[in-house]
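Residue strings, one per chain:
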Amino acid sequence: MSAYGPLLDAVRGVRWPARRAVGAAPPGAHRSSQKGTAGEFTEYRLYRQGDDPRALDWRLLARSDRAFVRLSDDRALLPTWIVVDASASMAFPAEGPTRSKYTQAKQVAVGLAAVAHASSDPVGVVVVADGAVQRIPPRTRRGTVQEIARVLDSITARGASPLAPAVAQLPIHARIVVLTDCLGDSESLLKVAAAHAVAGAMFECVHVVAGEELRPPTGTHAVHDPESRDDAARVSRVLAADGVRAYRERFDAFRREMATRWRAVGAGYTEVVTTADAARAVRAVVMGVAVPVNGVAGVER
């Protein structure tokens, strides 16, 4: 955990409020959609037979001669699932001045897990790599964040790994955070997210982008699909110097499309660049703010 120590110190004290009221759940830190007589006062209601007499506002009864019950928003737990894309494209760049997309995703995932865990929310992780799914169910016990970090560190980004089947199996009464570069089965994933959101899930997409994808190096390069299983067909085209501008226009259009489509299904959307500080990226996801990275819109909300 020493590699995550500075990150965990930086996010200590950060809280992650739910974007809307949480449905029926055990008592916790988030505003519940259920009305009760404990917690933060919100309104009065006329006393009905069967109400707890202890909830009566006796001062209001004395002034108005009518019996009112004090209602409040109860507080509830919000189970949090953190889904990490560990497909081959997330291993980019393999070497370079910045961390890979998977390395950045691991940092942000551990930071988000720590923030959720600090609110006593159960937190778990799903990692999808080379068609295999590794899962830790949401827990509140001590050591949960460390266990999540160990699982993430034990996995190498590789292969073609669709996320939608794994996400489709997650419960709807939860917060589901997907960290991905959106270069895989984004169509299927968006459909699953839309269905879960309608059923009550709170979705967040953390779109991880490499700094090299935003500003590709100059010169002529062979460009290939890292998730192709056919080595003979891996090189798909040559990116010449005069094609960089067209590439950047298409990639920028792709980023805008992802932001629009994720928000359209009712999900939160945050773009995180590999050059961004991981702790600032965690705060951006939690608080819904944008953080510039070296003059580039490295985290977009």
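Residues numbered from 1 in each chain as written. Predicted model: local features only at pLDDT ≥ 70, side-chain atom pairs only at ≥ 80, totals over all residues. Heavy atoms only, no water.

Caption draft 1: Quick look at helix α4 (residues 144-153). Residues of α4 that are buried include every one of T144, V145, I148, A149, V151 and L152, and no others. Down the axis of α4, the smallest arc covering the buried residues is 160°, so these residues share one side. Summarising the contacts, the buried residues of α4 are in contact with α1 (5-11), β4 (80-85), α3 (101-118), β5 (123-129) and β6 (132-139). (Buried < 20%, exposed > 50% of the residue type's maximum accessible area, 1.4 Å probe, protein only. Helix = DSSP H or I, 4+ residues; strand = E, 2+ residues; numbered from the N terminus. Arc of directions from axis to C-beta. Contact = heavy atoms within 4.5 Å.)

Caption draft 2: Here's a closer look at unusual backbone geometry. P93 follows F92 through a cis peptide bond whose omega is -10°. On the secondary structure map, P93 appears in the loop between β4 and α3. Even without being a glycine, C182 presents a positive backbone phi close to 60°. If you trace the backbone, C182 turns up in the loop between β7 (175-180) and α6 (186-199).

Caption draft 3: Structural context of the pattern of salt bridges. Considering all chains together, one arrives at 12 salt bridges under this definition. The partner of E147 in a salt bridge is R139, and the shortest N-O contact between them spans 2.9 Å. When salt bridges with common partners are traced through the structure, they connect K101, D181 and E213 into a single cluster. (Salt bridge = Lys/Arg side-chain N within 4 Å of Asp/Glu carboxyl O.)

Caption draft 4: Focus on the packing of α6 against helix α8 (residues 244-264). Between α6 and α8, whose axes approach to 10 Å, the crossing angle comes to 25°. Between α6 and α8, the interaxial angle falls into the category roughly parallel. Of the residues in α8, those in contact with S186, E187, L189, L190 and A193 of α6 are M258, R261 and W262. For the contact of α6 with α8, the class distribution of residues is 5 nonpolar, 1 polar and 2 charged. (Axes fitted to C-alpha atoms, helices over the stretch in contact; angles between N-to-C directions. Parallel < 35°, antiparallel > 145°, perpendicular 65-115°, else oblique. Nonpolar A, V, L, I, M, F, W, Y, C, P; charged D, E, K, R; others polar.)

Caption draft 5: Inspection of the nonpolar core at higher detail. Of all hydrophobic cores here, the largest spans 43 residues; its most connected members are V84, Y102, L112, L152 and L179. Looking at this core, the elements with two or more residues in it are α1, β4, α3, β5, α4, β7, β8 (202-209) and α9 (278-287). The biggest single contributor to this core is α3, with 10 residues. Beyond its immediate stretch of four places on either side in the chain, Y102 contacts V84, D85, A86, M90, V127, L152, I155 and A157. Core analysis: the second largest hydrophobic core is formed by 30 residues, L163, A174, L190 and F254 among them. (Core = buried A, V, L, I, M, F, W, Y, C linked by side-chain atoms within 4.5 Å.)

Caption draft 6: Spatial organisation of the environment of A281. In this fold, A281 is placed in helix α9. On the basis of relative accessible area, A281 is assigned to the buried category, the value being 0%. Linking A281 and V206, residues 75 residues apart in sequence, is a C-alpha distance of 9.4 Å.

Caption draft 7: Summary view of the packing of α3 against α9. Relative orientation of the contacting elements α3 and α9 amounts to 55°, with a least axis distance of 9 Å. The orientation of α3 relative to α9 falls into the category oblique. As α3 packs across α9, the resulting crossing turns out to be right-handed. Between α3 and α9, the residues in contact are Q104, Q107, V108, G111, L112 and V115 and A278, A281, V282, V285 and V286, respectively. (Left-handed = near helix turned anticlockwise from the far one by under 90°.)

Caption draft 8: Summary view of the side chain of Q104. With respect to the secondary-structure elements, Q104 resides in helix α3. Judged by its relative accessible area of 0%, Q104 falls in the buried class. Apart from residues no more than four positions distant in its own chain, Q104 is found in contact with R99, V208, V272, V273, T274, A276 and A278.

Caption draft 9: Quick peek at the pairing of β7. Of all 6 residues making up β7, 6 are buried, and the element is well covered by its neighbours. Pairing geometry for β4 and β7, over 5 bridges, is parallel. The residue bridging V84 from the neighbouring strand is L179, located in β7. In terms of strand pairing, β7 meets β8 through 6 bridges, oriented parallel. Residue pairing for β8: V178 is matched across the bridge by C205. The parallel pair β7 and β8 is bridged by α6, and the resulting crossover is right-handed. (Pairing = 2+ DSSP bridges. Right-handed = clockwise from strand over helix to strand, strands pointing away.)

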